[in-house]
Amino acid sequence: QVQLRESGGGLVQAGGSLRLSCAASGRTINNYVMGWFRQAPGKEREFVAAASRFNNYAYYADTYKGRFTISRDNTKKTLLLQMNSLKPEDTAVYYCAAKEREYSDSYRSWDYWGQGAQVTVSS
């Protein structure tokens, strides 16, 4: 198993940047696809980005392409999400997740979750 903990959320003005970090403990994360999801109040959890096991491929939801960058460091067991040009509609709780099998953008198929980090973007 792997345990995940997010950090780096907060309040930022529109147009600003934030970087979310996810620290993993337990098993090596080489075995997992790692990703970020978000959930706004009253809405379903949705896919943001994912990184393949050895960081050689990244997946993004169309909404975040060009603004967000996902990366991972398997040695440090860390997953990052650099968020630029933030908009008020990016406000949500952001979750780090790990998946044992192949990549999927459906949150229901992911296996491990962090507790979430609040990101609030003011207009």
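In the block above lies the structure referred to throughout.
Keep in mind that this is a model prediction, so the values were computed, not measured.

Caption draft 1: Structural context of the overall build of the chain. Within the chain one finds zero helices and 11 strands. Across the chain, helices and strands are ordered from the amino to the carboxyl terminus as β-β-β-β-β-β-β-β-β-β-β. Taken against the 2.2 N^0.38 rule, which gives 14 Å for 123 residues, the C-alpha radius of gyration of the chain at 13 Å falls within 12% of a compact globule. In the chain, of all internal contacts separated by at least 6 residues, the share reaching a separation of at least 24 is 58%. Taken as a whole, the chain presents about 6400 Å² of accessible surface, with 45% of it coming from carbon and sulfur. Taking the average location of the 16 positive side-chain charges in the chain and that of its 11 negative ones, the two points are 4 Å from each other.

Caption draft 2: Spatial organisation of the sheet that holds strand S3 (residues 18-26). What the four strands build is an open sheet, ordered S1-S3-S8-S7; its pairing is antiparallel. Edge positions in the open sheet fall to strand S1 (2-7) and strand S7 (68-73), since each of these has one partner strand only. On average, each strand axis in the sheet is inclined to that of its neighbour by 15 degrees, with strand direction left out of account. Where S3 lies against strand S8 (residues 78-83), six bridges are found, and the strand directions are antiparallel. When the bridges of S8 are listed, Cys 22 appears paired with Leu 79.

Caption draft 3: Region of the structure containing the state of the cysteines. According to the stated counting rule, one finds one disulfide in the structure shown. Shown here is the disulfide that connects Cys 22 with Cys 96, its sulfur atoms set 2.1 Å apart. Since a negative S-S torsion denotes a left-handed disulfide, the Cys 22-Cys 96 link at about -75 degrees is left-handed. With Cys 22 in strand S3 and Cys 96 in strand S9 (residues 92-99), this pair connects stretches of sequence that are 74 residues apart. With respect to burial, Cys 22 and Cys 96 carry one shared label: buried.

Caption draft 4: Expanded view of the nonpolar core. Core analysis: the largest hydrophobic core is formed by 37 residues, its most contacted members being Leu 4, Trp 36, Leu 81, Met 83 and Tyr 94. Residue assignment for this core shows that the elements contributing at least two residues are S1, S3, strand S4 (33-39), strand S5 (46-51), S7, S8, S9 and strand S11 (117-122). Setting aside residues up to four positions removed in sequence, Leu 4 forms contacts with Cys 22, Ala 23, Ala 24, Met 34, Cys 96, Ala 97, Ala 98, Tyr 112, Trp 113, Gly 114 and Gln 115.

Caption draft 5: Representation of unusual backbone geometry in the model. Unlike most non-glycine residues, Lys 77 shows phi in positive territory, near 55 degrees. Checked against the element boundaries, Lys 77 lands in the loop between S7 and S8. Phi angles above zero are rare outside glycine, and Ser 85 is one such case at about 50 degrees. Considering the arrangement of structural elements, one finds Ser 85 in the loop between S8 and S9. Residue Ser 85 is classed as partly exposed on the basis of its relative accessible area, which comes to 41%.

Criteria and cut-off values
- Residues numbered from 1 in each chain as written.
- Predicted model: local features only at pLDDT ≥ 70, side-chain atom pairs only at ≥ 80, totals over all residues.
- Heavy atoms only, no water.
- Helix = DSSP H or I, 4+ residues; strand = E, 2+ residues; numbered from the N terminus.
- Rg over C-alpha atoms; globule rule 2.2 N^0.38 Å.
- Contact = heavy atoms within 4.5 Å.
- Areas by Shrake-Rupley, 256 points an atom, 1.4 Å probe, with all protein chains shown as cover.
- Lys, Arg positive; Asp, Glu negative; His and termini not counted.
- Charge placed at Lys NZ, Arg CZ, Asp CG, Glu CD.
- Pairing = 2+ DSSP bridges.
- Axes fitted to C-alpha atoms, helices over the stretch in contact; angles between N-to-C directions.
- Disulfide = S-S within 2.5 Å.
- Buried < 20%, exposed > 50% of the residue type's maximum accessible area, 1.4 Å probe, protein only.
- Core = buried A, V, L, I, M, F, W, Y, C linked by side-chain atoms within 4.5 Å.

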